[in-house]
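These are the residues of each chain, in order.
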Protein chains: 2
Amino acid sequence: MENRLFDFISKYISLTEDEKSALLSLDLFRTVKKGTILLKEGQQSKESYFVLKGCIRTYYILDGEEKTTAFYTEMEALTPPCVINKTPSEYYVSCIEDSILLVSNSDTEAEMNSKFPKFELMCRKLSEELLAKERIDFDEFKTSSPEERYLNLLQKRPDLIQRVPQHQLASYLGIKPQSLSRLRARILEKDKR
Amino acid sequence: MENRLFDFISKYISLTEDEKSALLSLDLFRTVKKGTILLKEGQQSKESYFVLKGCIRTYYILDGEEKTTAFYTEMEALTPPCVINKTPSEYYVSCIEDSILLVSNSDTEAEMNSKFPKFELMCRKLSEELLAKERIDFDEFKTSSPEERYLNLLQKRPDLIQRVPQHQLASYLGIKPQSLSRLRARILEKDKR
DNA sequence: ATAACTCGTTCACTTAAGTTAAGTAATGAA
DNA sequence: TTCATTACTTAACTTAAGTGAACGAGTTAT
């Protein structure tokens, strides 16, 4: 697991052995059981998550209904907005598979960043990259229909369709579970012809 | 205009007079006429934009149709994904009002960042904040209907509805111009009752 | 001044998503 | 095992967005 982390980091900066052990000494790895809720609505957390193995999702409860808006899988990072804005969380984060996460605290992070300017650089690069990616994803969502979104997902993250319950996928695609069922039946019908 | 910039920066870091003049000496301000295209599809640009006054928009041309996905107005920043990923641009950026922009080059930026670690810090903070904001916007979009999105925009950015053509607003809301017209008529009808 | 465009709106029609309800299969707890 | 709950699908009906066409108002070009 440590190596998966260092491989990831090496895409942004190169670490000396000392820096690697400084990072490991923070003891950030955590194994989390499926179903664990990592963050609740209203909480004021300072934790960021990096998924080494497994899957976590973010969801809102609006009018008593769960609305899933994102999934984070292997080598993906989530810093909830409440951590950045220092406000109570608008949403929940839960673990939908037994997972291995790297859980960091924004205070510890700030400390690391000021001790090792390299980390600051990595954080900037990473968040710039994630911002660019998020905007592209948003643009694709805006410019396509539910059916196109589903087909697009099938291309880009086929694993998600296997590992995630349909009703969570549906709200991730911005539609109701019944519509997702129908839409898939429609596609199958087309394929047959 | 310089003061608007420094006020903005002061939300993230504090600058000495020397640093301020170092920044000004880069001569980044640019006045741009309405209609100017700042970035074209396929181009490999290194420019980022910060809007001091005016409005710019990003749009794709898909199947010969313009799809507007974002507007950036006063005190908002855009670094196109092609700058981050060093790939040809997927979209266009154009200026929809006479504007005053701060246009920076990613090479110059990198130089500033390494010369003044403070800038690096500001860039990290800013992009983390923008990422959090973008994710919230995306979540809101996913979890609401076109009508709700319009009403939401009316609350959050009432200026946009005034200054931007309807057909651009429509695709920004993920619908066709005809649907936006109808939707507005529907809302007016409801208000009357 | 006139013609050609663009923009916004409206209308009739089509298509697809939302809603409500029902049924079956799978999962979990007692 | 049985009972209860949850997940997924299907269907009938409603609602709203997409489509194609037409219109008037305002703009630009000739």
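Residues numbered from 1 in each chain as written. Chains lettered and ligands numbered in written order. Predicted model: local features only at pLDDT ≥ 70, side-chain atom pairs only at ≥ 80, totals over all residues. Heavy atoms only, no water.

Asker: Could you give an account of the state of the cysteines, naming the residues involved and the relevant values?
Answerer: Disulfide: a covalent bond connecting the sulfur atoms of a pair of cysteines. For the structure shown, the criterion picks out 0 disulfides over all chains. As a non-bridged cysteine, Cys55(A) has Cys95(A) as the owner of its nearest cysteine sulfur, 8.1 Å distant. Here Cys55(A) falls in the buried class, since its relative accessible area comes to 0%. Considering cysteine sulfurs only, Cys123(B) is the nearest to Cys123(A), which forms no disulfide, with 13 Å between them. Judged by its relative accessible area of 16%, Cys123(A) is buried. (Disulfide = S-S within 2.5 Å. Buried < 20%, exposed > 50% of the residue type's maximum accessible area, 1.4 Å probe, protein only.)

Asker: Which residues make up the protein's contact with DNA strand C, and what values do they have?
Answerer: Not every one of the 14 residues close to DNA strand C is listed here, only the nearest: Gln178(A), Ser179(A), Arg186(A), His167(B) and Ser181(B). Among the atoms of DNA strand C close to the protein, meaning within 4 Å, 62% are from sugar or phosphate groups. The contact in question runs from a phosphate oxygen of DNA strand C to an N or O atom on the backbone of Lys176(A), over 3.2 Å. A distance of 2.8 Å separates a phosphate oxygen of DNA strand C from a polar side-chain atom of His167(B). Of all the elements in the fold, those that place two or more residues in the surface near DNA strand C are helix H9 (177-192) of chain A together with helix H8 (166-172) and helix H9 (177-192) of chain B. Considering every element that reaches the surface near DNA strand C, the biggest residue donor is H9(A), with 4 residues. For the surface near DNA strand C, the class distribution of residues is 3 nonpolar, 7 polar and 4 charged. (Near = heavy atom within 4 Å. Polar contact = N/O pair within 3.5 Å; in protein donor to acceptor, adjacent residues only side chain to side chain. Helix = DSSP H or I, 4+ residues; strand = E, 2+ residues; numbered from the N terminus. Nonpolar A, V, L, I, M, F, W, Y, C, P; charged D, E, K, R; others polar.)

Asker: So, the relation of the copies chain B and chain A: which residues are in play, and what are the values?
Answerer: Structural alignment of chain B on chain A gives an RMSD of 0.0 Å, achieved by rotating through 180° and translating 0.0 Å along the axis. Overall, the copies show the geometry of a two-fold rotation axis. Closest approach to the rotation axis within chain B is made by the C-alpha atom of Arg124(B), at a distance of 2.2 Å. Looking at chain B, 100% of its interface residues are interface residues in chain A too, so the copies touch through the same face. (Least-squares fit on C-alpha atoms with pLDDT ≥ 70 in both. Contact = heavy atoms within 4.5 Å.)

Asker: Explain the sheet that holds strand E5 (residues 65-72) of chain A to me, using residue names and the numbers behind them.
Answerer: Residues and elements named next belong to chain A. Strand order in this open sheet of 4 strands is E2-E7-E4-E5, and the pairing throughout is antiparallel. Each end of this open sheet is capped by a strand with a single partner; those strands are strand E2 (37-39) and E5. Ignoring strand direction, the axes of neighbouring strands in this sheet form an average angle of 35°. As defined by bridge partners, strand E4 (residues 56-62) adjoins E5 across 7 bridges and the pair is classed as antiparallel. What sits directly across from Tyr-59, in E5, is Thr-68. (Pairing = 2+ DSSP bridges. Axes fitted to C-alpha atoms, helices over the stretch in contact; angles between N-to-C directions.)

Asker: Tell me about the sheet that holds strand E1 (residues 29-32) of chain B, and please be specific about residues and values.
Answerer: All names here are of chain B. Read across the sheet, 4 strands follow the order E1-E8-E3-E6 without closing on themselves; strand pairing throughout is antiparallel. Strands with a single pairing partner mark the edges of an open sheet, and in this sheet they are E1 and strand E6 (77-78). Relative to E6, strand E3 (residues 47-53) runs antiparallel, the two being bridged by 2 bridges. Within E6, the residue paired with Phe-50 across the bridge is Ala-77. Packed on one face of the sheet, helix H1 (residues 2-9) meets E1, E3 and strand E8 (99-105) and runs near 110° to E3.

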